[in-house]
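# Residue-level structure breakdown
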Amino acid sequence: MSGFVEKPEPVEVPGLEHLHTGKVRDLYRTEQGDLVMVASDRMSAYDWVLPTEIPDKGRVLTQLSLWWFDLLADLVPHHVLSTELPPGAPADWQGRTLVCRSLRMIPVEAVARGYLTGSGLAEYERSRTVCGLALPEGLTDGSELPAPIFTPATKAEVGEHDENVSYEEVARRIGAEPAANLRQTTLAVYARARDIARERGIILADTKFEFGYAAATADTEGAELVLADEVLTPDSSRFWPADTWQPGRAQPSFDKQFVRDWLTSPASGWDRHGEQPPPPLPAEVVEQTRAKYVEAYERLTGISW
Ligand code: ATP
Ligand code: MG
């Protein structure tokens, strides 16, 4: 079982068409055809959207994405048009709403990994490969890879896992030249972000980008990739504190550790492999988790929240 414990009703705003309620974000379209992305305080763990929100999470994710978009702008253009609220939007959308160019999205999750863990580790243990790429013997959970790799995945519906696919499969789906461009851009952006995070004591183990083409571009051959969605947040990336990094075990996750630890402890009374949805989080777990999101923002940007 997985999905929403309670799927929220979309907020109605005159002049905005509600398009989608994702696990974390709500999507609308303006009358001009632009996209409005509103990040909520919802949190997911173990494939569930939890029944308890983490105050400020939506704002942290949005402000962190903006910080990265700006920092990466010389490498790749991004989709953000404005941070101003659309007329009539609720005041509490402030700080967690981005008005974006509506792009023709590439239907591939562009994942870069510099370290081995998660689904990459699972494949490695079966076949010494990740997304079909051969890797050396002797790597373990948390190992740094000899060089970062592009490990694309296809997008899944809410409650389902994204599926890793080979580079060849991506090339079949979107064309050889767009696939090469996607890989090259993903790895370049990852390398830049990894170095910035590392200087600030954070290992960027892996991250997921989504790219699109300006809607006006008819042809994908040679068209410029635009960085979309959210970028380099704790929700789209694995951040590990560099000072406790130790290959050979699961690394403490920067953001979800308190939630995961509590959910899997006897105190929660919850069975993650059972049929029941997860229970509400206690106040101290909410507060510790909020503090972690804020700490990620502060450590990366150097700006106090
Ligand atoms: P989840 O991320 O929770 O698995 P989701 O991806 O369906 O679910 P969100 O991430 O909340 O939902 O919504 C963002 C959606 O908007 C994604 O489908 C993403 O591909 C799309 N998107 C992001 N930026 C743009 C853009 N500039 N133009 C068009 N679509 C975009
Ligand atoms: Mg998404």
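An unreviewed UniProt entry lists the chain under the name Phosphoribosylaminoimidazole-succinocarboxamide synthase, from Streptomyces botrytidirepellens. Listed in UniProt under the heading Sequence similarities (unreviewed entry), the comment for the chain reads: "Belongs to the SAICAR synthetase family." Turning to the chain, the UniProt record has this under Pathway (unreviewed entry): "Purine metabolism; IMP biosynthesis via de novo pathway; 5-amino-1-(5-phospho-D-ribosyl)imidazole-4-carboxamide from 5-amino-1-(5-phospho-D-ribosyl)imidazole-4-carboxylate: step 1/2."

### Re the pairing of strand S16 (residues 202–214)
With 13 of its 13 residues buried, S16 lies for the most part within the structure. Direction of pairing for strand S10 (residues 110–115) relative to S16: antiparallel, over a ladder of four bridges. Each residue of the ladder has a partner; that of Ala-110, found in S16, is Phe-209. Both S16 and strand S18 (residues 237–241) contribute to a ladder of five bridges, which runs antiparallel. Bridge pairing in S18 links Leu-204 to Phe-239. Relative to strand S17 (residues 225–228), S16 runs antiparallel, the two sharing four bridges.

### Examining unusual backbone geometry
Positive phi, close to 70°, is recorded for Asp-47, a residue that is not glycine. Residue Asp-47 is classed as partly exposed on the basis of its relative accessible area, which comes to 31%. Despite not being glycine, Asp-229 has its phi angle at roughly 55°, a positive value. Looking at the element boundaries, Asp-229 is found in the loop between S17 and S18.

### Examining the environment of Gly-15
With respect to the helices and strands, the residue Gly-15 is situated in the loop between strand S1 (3–4) and strand S2 (17–21). Taking the relative accessible area as the measure of exposure, Gly-15 reaches 36% and is therefore partly exposed. It is 8.2 Å that separates the C-alpha atoms of Gly-15 and Gly-88, two residues lying 73 residues apart in sequence. For Gly-15, the residues in contact, after removing those within four places along its chain, are Arg-29, Thr-30 and Glu-31.

### Examining the packing of helix H3 (residues 167–174) against helix H4 (residues 176–199)
The relative placement of two packed helices comes down to the angle between their axes together with the axis-to-axis distance. Put simply, H3 and H4 touch, their axes get as near as 7 Å, and they point 130° apart. The angle between H3 and H4 places the two elements in the oblique class. Helix-helix and strand crossings are classified by hand; for H3 and H4 the assignment is right-handed. On H4, the residues touching Tyr-167, Val-170, Ala-171 and Ile-174 of H3 are Ala-176, Pro-178, Ala-179, Ala-180, Leu-182 and Arg-183.

Criteria and cut-off values
- Residues numbered from 1 in each chain as written.
- Chains lettered and ligands numbered in written order.
- Predicted model: local features only at pLDDT ≥ 70, side-chain atom pairs only at ≥ 80, totals over all residues.
- Heavy atoms only, no water.
- UniProt positions renumbered as here; feature names shortened; annotations may be inferred.
- Buried < 20%, exposed > 50% of the residue type's maximum accessible area, 1.4 Å probe, protein only.
- Helix = DSSP H or I, 4+ residues; strand = E, 2+ residues; numbered from the N terminus.
- Pairing = 2+ DSSP bridges.
- Contact = heavy atoms within 4.5 Å.
- Axes fitted to C-alpha atoms, helices over the stretch in contact; angles between N-to-C directions.
- Parallel < 35°, antiparallel > 145°, perpendicular 65-115°, else oblique.
- Left-handed = near helix turned anticlockwise from the far one by under 90°.

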